[in-house]
Amino acid sequence: MKQLNFVIENATGLHARPAKVFVTTAKQYKADIRILYGSKKVNAKSLIAVLGLGVEHGGEILVEVDGADEDMAAEALQTAVAAGLGEGEHIPAPSKAEPVASAKPSVNGHPVGQTIPNGLRGVGAAPGLAIGPVFQLRQTAVTITETFAGVEAEQARLGVALADGEVQLVALRDQMQAQTPEEAAIFDVHRELLTDEDLLEAVQQKIQAQQSAAKAWQATIQERASMMASLDDPLLAARAADIRDVGNRILKLLAGEDTAGIQWPDHPVVVTAHDLTPSDTATLDPQKVLGFATAVGGPTAHSAIIARALGLPAVVSAGAGLLEIGDGTAVILDGTTGIIQVNPDEGAQTAAKSSQAAAKQQELEAKSQAGAPAITQDNHRIEIAANIGGVKDAISANESGAEAVGLLRTEFLFLGRATPPSEEEQFEVYRQIAEAMAGKPVVVRTLDIGGDKPLPYVQVPPEDNPFLGERGLRLCLNRPELLREQLRAILRAASFGSLRIMFPMVADLSEWHAAKAMVDEIRAELNAPAVEVGIMIEIPSAALMADKFAQEVDFFSVGTNDLTQYTLAMDRMHPTLAGKSDGLHPAVLRLIDTTVRAAHAAGKWVGVCGALGADPQAVPILLGLGVDELSVSVPSIALVKAQVRTLTFAAAQQLAAQALGCGTAGEVRSLMGN
Ligand code: PEP
Ligand code: MG
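Residues numbered from 1 in each chain as written. Chains lettered and ligands numbered in written order. Predicted model: local features only at pLDDT ≥ 70, side-chain atom pairs only at ≥ 80, totals over all residues. Heavy atoms only, no water.

### Notes on the overall build of the protein
Note the cut-off: Secondary structure elements are defined from DSSP: runs of H or I of at least 4 residues count as helices, runs of E of at least 2 residues count as strands, and each element is numbered from the N terminus. As defined in this context, the radius of gyration uses C-alpha atoms, and a globule is described by 2.2 Å times the residue total to the power 0.38. For this analysis, residues touch if any pair of their heavy atoms sits within 4.5 Å. The Shrake-Rupley method, run with a 1.4 Å probe sphere, supplies the accessible areas, and residue values consider only the shown protein chains as cover.
A tally of regular secondary structure across the protein gives 25 helices and 24 strands. The C-alpha atoms of the protein give a radius of gyration of 26 Å, which matches the 26 Å a tight globule of 674 residues would have. Sequence separation of 24 or more characterises 69% of the internal contacts of the protein that already satisfy a separation of 6 or more. Within the structure as shown, the protein displays about 29,000 Å² of accessible surface, and the carbon and sulfur contribution to it stands at 53%.

### A word on the pairing of strand β23 (residues 605-608)
Just so we agree on the cut-off: Whether a residue is buried, partly exposed or exposed follows from its accessible area with a 1.4 Å probe, protein chains only, as a fraction of its type maximum: under 20%, in between, or over 50%, in that order. Criterion used throughout: strands pair if DSSP finds at least two bridges between them. Here the term right-handed applies to a crossover when the path leading from its first strand over the helix to its second strand runs clockwise, the strands being oriented away from the viewer.
Burial along β23 is two-sided: the residues W605 and G607 and V606 and V608 are all buried. Across four bridges, the pairing between strand β22 (residues 555-558) and β23 is parallel. By the bridge assignment for β23, F555 is matched with W605. In this structure, β23 lies alongside strand β24 (residues 629-633), joined through two bridges in parallel fashion. Across the sheet, V608 pairs through a bridge with L630, a residue of β24. On the question of chirality, the crossover connecting β23 to the parallel β24 by way of helix α22 (residues 619-624) is right-handed.

### Here we look at the confidence of the model for the protein
Note: predicted coordinates in regions of low pLDDT should not be interpreted at a detailed level. Threshold: The predictor attaches a confidence to each residue, and that confidence, scored 0 to 100, is pLDDT.
With 90% of its residues at a pLDDT of 70 or more, the protein has an overall mean of 87. Segment residues 89-109 is flagged for pLDDT under 50; beyond a separation of four residues in sequence, or across chains, it makes 22 contacts in the model.

### Focus: the packing of aromatic side chains
Note the threshold: Two rings belonging to Phe, Tyr or Trp (six-membered ring only in the last case) form a pair when the distance between their centres is within 6.5 Å. Interplanar angles under 30 degrees mark stacking, angles over 60 mark edge-to-face geometry, and anything in between is tilted. Look at NZ for Lys and CZ for Arg. If either is within 6 Å of the ring centre and within 35 degrees of the ring normal, a charge sits over the ring.
In this structure the tally under the stated criterion is five aromatic pairs. Seen in terms of ring centroids, F427 and F496 are 5.9 Å apart; in terms of plane orientation they differ by 70 degrees. Their pairing is edge-to-face. Of this pair, F427 sits in helix α14 (residues 423-436) while F496 sits in the loop between α16 (480-493) and β20 (498-503); the two residues are 69 residues apart in sequence, bridging distant segments of the chain. A relative accessible area of 37% means that F496 is categorised as partly exposed. Plain terms: the ring middles of F503 and W512 are 6.4 Å apart, the flat faces sit at 65 degrees to each other, and that makes the pair edge-to-face. F503 gets classed as buried once you look at its relative accessible area, which sits at 0%. Residue placement shows R431 over the ring face of F496; its charged tip is 5.7 Å from the ring centre. The ring of F427 carries R492 above its face, with NZ or CZ at 4.2 Å from the centroid.

### Topic: the domain arrangement of the protein
Formally: Boundaries of every domain are those given by an automatic assignment or by a domain database.
Considered domain by domain, the protein is made up of domain 1 (2-82), domain 2 (109-138 + 263-363), domain 3 (151-255), domain 4 (384-531) and domain 5 (535-674). Spacing between the C-alpha centres of domain 1 and domain 3 amounts to 24 Å.

### So, the pattern of salt bridges
Here is the rule: Here a salt bridge means any side-chain nitrogen of Lys or Arg lying within 4 Å of a carboxyl oxygen belonging to Asp or Glu.
Per the counting criterion, the structure on display carries 29 salt bridges. A salt bridge links K2 to D71; the nearest nitrogen and oxygen atoms lie 3.2 Å apart. With a gap of 69 residues between them, K2 in strand β1 (residues 2-7) and D71 in helix α3 (residues 70-82) connect regions that are remote in the sequence. K2 gets classed as partly exposed once you look at its relative accessible area, which sits at 32%. Measuring nitrogen to oxygen at the nearest pair gives 3.4 Å for the salt bridge that ties D32 to R34. Taking the relative accessible area as the measure of exposure, D32 reaches 37% and is therefore partly exposed. Three or more residues joined by partner-sharing salt bridges are found here, namely E423, E424, R484, R488, R492, E521 and E525.

Below, the structure written as structure tokens:
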């Protein structure tokens, strides 16, 4: 066993980022690693435990490393601490933290979370109108009546609840998978929390001390979650919400409460809540819920993304006033503008109902024409494809009028498991997707993960800026075996349909060369059919170098989510920047324009597969810029096709030219009448 002494020089001690870095480093080794601080000794591989130590600036810790790879582990920990645990060598001196006045979030210049005449203004998080009476979801505390039934009996109860919780989480994950694979991963994080060694150890200790499993669990979750929430790190604070969410799930199971035990009114309602957990949102029944509004939260919160996937209108960040609206009060919630009208008069209700009915009618008409192509009034055709995450999506995309799959996010196959899917397993899924699309083209994007979405079997050293770190193709090129297996599976499945290969996060021609060489080599080995191979344009460097890439690739697909993030230097998940991080910014449009011109000059096609492609205000502009394909979520296919049919290409081109000349995203949106 090795013992190491460290003085933690970081300003906030072993909290937040330094703790994350320490734990991530420890987890890379098999050795048993413990941290001793004061009278406490914890598992260094449990973030919850390490945070719970509360090591302050200048605190001395003793680290015990025991196991076959203890030398390597000790060295890595020493290096990590010497390098400042993710805070660099110049660790800021501790200072009394001054509260930073947080900028009031605003959207298009309007402050949100505000009371306005006859209502509230929040942030529109999922489009659509919800008209109906309010029903506030109050987080009720679970009542525990069980008394201690003996250590073994309590341990057995805990075991059953954890196993049942795992079953529920897998079911929720699978249910979400089809709608939003990225969000589905949140339930895998919850499953991971259920196996946190420290958490379970603490519960066991309480059970040994004669507490019932329910009481022991409840107390441990409360301790861990409040400790986490008190940390000044939004990422860890979000983990506190996850701990509470999953903690409550198990507690309800232990207390024998029905997890769906809310007493719903017998009529449909507009749900209001302080906030909704991913579990709450995923289990909202669209038969009972017309839409929802939360007092806090951002449009990129998990609940908002799930709402969009479920087609539920939603407003977030509506402010504390939301919770003062009594149950049964009539409201009109507009998930596009973020406005909630309280006690609207007859006229407003009638107007909202008729615009809701018109939208419904439009949707029905669009659906009835979903199988027809999207051709403008002056005969210009644009392909409408689907973004999918798995086999089920492929089946519904094909039934919903998709002319192709423009983006298959293969991450769904890799997330939430301890080992990578085998070549055989991948082959089987790609084959089924190719067959489900019945010969229509399917663009298979190779694995796009990174430091922010870690996979247990892909070790990435701690990164200060995961979005600027080893992501997408970069990560795969550093682990060629992972990419090789995936390419083999895709190329083998290619003979069952029309598969194409697309590489994500390409920044540089050399990356493309390395990846393309791998495709050529494997294709020769397998004697597989030729497939189109293209790249995503989602890093500004790739857009600016599009003329060079266009000489070599078969196609481009613009990932506007990341292209916007990297062009504007605004985190795509940032709640307060959400209103500003707009893909219709002229800077982003100019990069798309550059890409399209370069591609067409070389006779290649360009798709758009980011969320912008389904934004009704963006569709005419993208069409006008000459984009050849819009790849959108399955529910948007019919609507985008219908919108294209109302346009003329000539007018769209004029609009696009005007948009390129605008100064801000707001100006572009005003051009479009908003
Ligand atoms: C994008 O960045 O626009 C994109 C389609 O990829 P993802 O959202 O999966 O990063
Ligand atoms: Mg992307």
